[in-house]
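# Coordinates in review
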Amino acid sequence: MGQSPNALVKDRSPDPQAGEPLVVLADVNKHFGELHVLRGIDMRINRGEVVVVIGPSGSGKSTLCRAINRLETIESGSITIDGVPLPTEGRELARLRSEVGMVFQQFNLFAHKTVVENVMLGPIKVRKAQKATAHQQAMELLTRVGVANQADKYPAQLSGGQQQRVAIARALAMRPKIMLFDEPTSALDPEMVNEVLEVMTSLAKDGMTMVVVTHEMGFARRAANRVVFMADGQIVEQNDPDEFFTNPQSDRARDFLSKILTH
């Protein structure tokens, strides 16, 4: 497969299971009414690993992502983060969520606060950071995601791509151990998608542990250590990107790829 030297943004571990696990899901099950949306999910995410979760709509991808920081409760099984079981509620859950950054399809920025205030809010409220320190850190992060020149504007004055980059900076401001991305580009106009994916690729290159639910196959090929393919609430197969995209093992994955890669 002909790829430029820059196409591979990080060294791919030959065995993504070989590192130290940061997140471990064991026999995780979840129903929405009669619908069994997560069926006995076993999965581990190692430190510094970028796991891209793909699959058809309704396969359980977003529910899996949201279960990792308990935005969705699970009925059975266990999820541990850094060796600690997911708390069910209260202060322990709040502390865990502060260590798990989440970027959604919608940007969820506070409309009445400026861009820099949005990024400062978490460190001040949760980490008890001094305002000057939080401001300096926020500006550094806004520079990193390429929107420092928008710091004093309000979210409504920004494009969708700029708002999503602010949302990424806001999540990073909490210095999370892992970043979860739930279809972060699906609400964006096509010309804005790449500016967000470039920021995410840069995070991957810097060694951030990431779980990314996405339809962007180019990002999966370029930035993932491992592609996890889900269908009907189950992990059907997982592999490194080159192997998955060139030689899928399951009929479901072959069918899925034939539909999306030919367009």
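Being a predicted model, the structure only gives us computed values, none of them experimental. (Residues numbered from 1 in each chain as written. Predicted model: local features only at pLDDT ≥ 70, side-chain atom pairs only at ≥ 80, totals over all residues. Heavy atoms only, no water.)

## With respect to the overall build of the protein
- Along the backbone of the protein there are 9 helices and 10 strands.
- In terms of C-alpha radius of gyration, the protein reaches 18 Å, essentially the compact-globule figure of 18 Å for 263 residues.
- If one aligns the C-alpha atoms of the protein with their principal axes, the spans along those axes are about 55 × 45 × 35 Å.
- For the protein, with 263 residues in total, the buried portion stands at 49%.
- Counting every atom, the protein has about 12500 Å² of accessible surface; 48% of that belongs to carbon and sulfur.
- If you average the places of the 30 positive and of the 31 negative side-chain charges in the protein, the two averages end up 6 Å apart. (Helix = DSSP H or I, 4+ residues; strand = E, 2+ residues; numbered from the N terminus. Rg over C-alpha atoms; globule rule 2.2 N^0.38 Å. Buried < 20%, exposed > 50% of the residue type's maximum accessible area, 1.4 Å probe, protein only. Areas by Shrake-Rupley, 256 points an atom, 1.4 Å probe, with all protein chains shown as cover. Lys, Arg positive; Asp, Glu negative; His and termini not counted. Charge placed at Lys NZ, Arg CZ, Asp CG, Glu CD.)

## Some thoughts on the sheet that holds strand E9 (residues 226-231)
- Overall, mixed pairing links the 6 strands, which are arranged E6-E7-E8-E3-E9-E10 in an open sheet. Each edge of the sheet is formed by a strand with only one pairing partner; in this case those strands are strand E6 (100-103) and strand E10 (234-239). Going across the sheet, the axis of each strand differs from the next one's by a mean of 20°, ignoring polarity.
- Inspection of the sheet shows strand E3 (residues 50-54) paired to strand E8 (residues 209-213) by 4 bridges, in the parallel sense. When the sheet's bridge partners are listed, Val 52 is paired in E8 with Val 212.
- Running at roughly 145° to E8, helix H6 (residues 190-205) makes contact with E3, strand E7 (178-182) and E8 of the sheet. (Pairing = 2+ DSSP bridges. Axes fitted to C-alpha atoms, helices over the stretch in contact; angles between N-to-C directions. Contact = heavy atoms within 4.5 Å.)

## Focus: the sheet that holds strand E4 (residues 76-81)
- Judged by pairing direction, the sheet is antiparallel, and its 4 strands sit side by side in the order E2-E1-E4-E5 without closing on themselves. Across the chains shown, the open sheet's two edge strands, defined by having one partner strand only, are strand E2 (35-46) and strand E5 (84-85).
- With 8 bridges joining them, strand E1 (residues 21-32) and E2 adopt antiparallel strand pairing. Within the sheet, the bridge partner assigned to Val 24 lies in E2 and is Arg 44.

## Considerations on the packing of aromatic side chains
- If you walk through the whole model with that rule in mind, you get 3 aromatic pairs.
- Seen in terms of ring centroids, Phe 229 and Phe 244 are 6.2 Å apart; in terms of plane orientation they differ by 35°. Their pairing is tilted. Of this pair, Phe 229 sits in strand E9 while Phe 244 sits in helix H8 (residues 241-246), and the two are 15 residues apart along the sequence. Accessibility assignment for this pair places Phe 229 and Phe 244 in one class, buried.
- Relative accessible area serves as the criterion here: at 0%, Phe 244 is assigned to the buried category.
- Through successive ring pairs, a cluster of aromatic residues spans Phe 229, Phe 244, Phe 245 and Phe 256. (Phe/Tyr/Trp six-rings, centres within 6.5 Å; stacked < 30°, edge-to-face > 60°.)

## Examining the UniProt feature "domain: ABC transporter" (unreviewed entry) in the protein
- When the UniProt feature table is mapped onto this chain, "domain: ABC transporter" (unreviewed entry) is found at residues 23-257.
- Helix makes up 38% of residues 23-257 and strand 26%, with an end-to-end C-alpha separation of 28 Å. (UniProt positions renumbered as here; feature names shortened; annotations may be inferred.)

## Topic: the pairing of E4
- Across 5 bridges, the pairing between E1 and E4 is antiparallel. The partner of Asn 29 across the bridge, within E4, is Ser 76.
- Hairpin remark: E4 followed by E5, antiparallel, with 2 residues in the connecting loop; positive phi at Asp 82, about 55°.

## Description of unusual backbone geometry
- The residue Lys 128 is not glycine, and still its phi comes out positive at about 60°.
- Among the secondary structure elements, Lys 128 is positioned in the loop between helix H3 (115-125) and helix H4 (131-144).
- In this structure, Arg 175 takes a positive phi of about 50° despite not being glycine.
- Positionally, Arg 175 belongs in the loop between helix H5 (160-172) and E7.

## Comments concerning the pattern of salt bridges
- Going through the model one piece at a time under the given rule, you end up with 13 salt bridges.
- Glu 49 is paired through a salt bridge with Arg 226; the nearest N and O atoms lie 2.9 Å apart. Taken together, the positions of Glu 49 in the loop between E2 and E3 and Arg 226 in strand E9 put the pair 177 residues apart, joining distant regions of the chain. Each member of the pair, Glu 49 together with Arg 226, is buried.
- Here the residues in one salt-bridge network are Glu 20, Arg 47, Asp 82, Glu 99 and Lys 177, joined through shared partners. (Salt bridge = Lys/Arg side-chain N within 4 Å of Asp/Glu carboxyl O.)

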